[in-house]
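# Descriptive analysis of the structure
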Amino acid sequence: MDLTYTDEEREFRARLRDWLGKTLPELPAKPSPDDWPGRRAYDAGWQRRLYDAGYAGLHWPVDAGGRGATPTQHLIFLEETERAGAPYVGANFVGLLHAGPTIAAEGTAAQRARWLPPVLRGDEVWCQGFSEPEAGSDLAALRTRAVRDGDDYVITGSKIWTSHAEVADWCELLVRTEPVSEAVPKHRGISWLAMPMDAPGVTVRPLRTLAGSAEFAQVFLDEVRVPVANRVGEENDGWRVTMVTLSFERGTAFVGEVVACRRTLGGLARAAKANGRWDDPVLRRRLGRLYGEFGALWRLTQWNVSEAQASGGVPGVGGSVFKLAYSHARQELYDAAAQVLGADSLALDGEWMLDRLSSLSYTIAAGTSQIQRNIVAERILGLPKGR
């Protein structure tokens, strides 16, 4: 008997496993990586199946449209869906993992009622408009301006690395509503808006990555009008709201990927035993260390999810510890894959190479490793800020 789970949790796992076993064979074929409208439809279809079965927003608060599941049930869901090879959130990841939880935590009742149900059903896709050409790691240096004009903001500027912008309905957008001055530091004067992507003046230009995909875009904003009612939080209080968004992005958004990496590592061990490279003690030691590292990351994930649940649903700064460690562990995992698979891992159109190229972005995306080290040093260890 596994004493770490209650009878209710074991029953939950069994029901989920049964549902996955019946549902996954019914899914249509996955579209090609470059077919973004097709990928959106595929991801939306999966999300709708989750919604109809009662698994969408499993860990979200009930008053936000979620199921109010326990942290353990949430983790069981992530374990079982990943192990069964179920689709990931895909094009829905900003809405489900960033914008939705932020609106659930910071939005008004009217905003939660308007935006959260379509996210949970898979009806509407969100993208993230945070980074700018001259404001990446230094996010507070953003220059996109929003000028108040009656009941609207008039927005001018541009955003970059905007995930899934070409198929998104909404954008979680950071704008400057008060210019920087001696009286207004750059972290103030920022507001968090929900911008409709079909608004006049929005232009999306896809960006092709090193891996050949085009999930990112640069978005140009030319006097785009967004209702003041679409502001989440108070005017000029957007930096605080942004910290809530980033806590979700760094603290719980990568949870499913830890399970995936552990599965990948198991596959590497089996491949090494099959091709004879398992006889190399240095390689065995490397894979064993990665096994321990991902096991520790999973335990940290459990702690982060439990802490978020206990603190009203918002993860703490421990997410930066996780993000920092996970980014480097993922990169080393695919370095180890090259050692195990040899030339077979270098095919430019192969899954291993695409995953390896993707892993390179993890020390940059969602806050660079340098930024995470600063957060850990200053907010957790209490070290003085650098000058």
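Residues numbered from 1 in each chain as written. Predicted model: local features only at pLDDT ≥ 70, side-chain atom pairs only at ≥ 80, totals over all residues. Heavy atoms only, no water.

Basically, it comes down to this: UniProt positions are given in the numbering used here, feature names are shortened, and annotations may be inferred rather than shown by experiment.
The name that an unreviewed UniProt entry assigns to the chain is Acyl-CoA dehydrogenase, with the source organism given as Streptomyces roseus. Turning to the chain, the UniProt record has this under Sequence similarities (unreviewed entry): "Belongs to the acyl-CoA dehydrogenase family." Here is the UniProt Cofactor (unreviewed entry) comment for the chain, exactly as written: "FAD".

## Re the packing of helix α1 (residues 7-23) against helix α3 (residues 71-83)
Two measures define how a pair of helices packs: the angle their axes make with one another and the distance between the axes. Keep this limit in mind: Axis definition: a line fitted to C-alpha atoms, over the contacting stretch in the case of helices. Angles run 0 to 180 degrees between N-to-C directions. Secondary structure counts use DSSP, requiring at least four H or I residues in a row for a helix and at least two E residues in a row for a strand, with both numbered from the N terminus. Roughly parallel refers to an angle under 35 degrees, roughly antiparallel to one over 145, roughly perpendicular to one between 65 and 115, and oblique to any angle outside these ranges. By definition, any crossing whose near helix is turned counterclockwise from its far helix by less than a right angle is left-handed, and any crossing with a clockwise turn is right-handed. Note on definitions: a residue-residue contact is assigned when non-hydrogen atoms from the two residues lie within 4.5 Å.
The contact between α1 and α3 brings their axes to 10 Å, and the two run at 30 degrees. On the basis of the axis angle, α1 is roughly parallel to α3. α1 and α3 meet at a crossing whose hand is right-handed. Taken together, the residues of α3 that come into contact with α1 (itself represented by E8, E9, F12, R13, L16, R17 and L20) are T72, Q73, I76, F77, E79, E80, T81 and R83.

## Regarding the environment of F294
The criterion, for reference: Each residue gets one of three labels from its accessible area relative to the maximum for its type: buried under 20%, exposed over 50%, partly exposed in between, using a 1.4 Å probe on protein chains only.
Turning to its location among the elements, F294 is positioned in helix α8 (residues 281-310). You can call F294 buried: its relative accessible area is 0%.

## Here we look at the packing of aromatic side chains
Note the cut-off: Two aromatic rings, drawn from Phe, Tyr or Trp (for Trp, its six-membered ring), form a pair once their centres lie within 6.5 Å of each other, and the interplanar angle then sorts them: stacked below 30 degrees, edge-to-face above 60, tilted otherwise.
Counted according to the given criterion, the structure contains 8 aromatic pairs. When the centroid spacing of 5.7 Å and the interplanar angle of 40 degrees are considered together, the rings of W19 and W46 count as tilted. With W19 in helix α1 and W46 in helix α2 (residues 36-53), this residue pair connects regions lying 27 residues apart in the sequence. Residue class for W19 comes out buried when judged on its relative accessible area of 17%. For W46, a relative accessible area of 4% gives the class buried. Arranged with centres 5.3 Å apart and planes meeting at 50 degrees, the rings of W19 and Y55 form a pair that is tilted. One end of the pair, W19, is in helix α1; the other, Y55, is in the loop between α2 and α3, and 36 residues separate them in sequence. For the pair shown, W19 and Y55 are each scored as buried.

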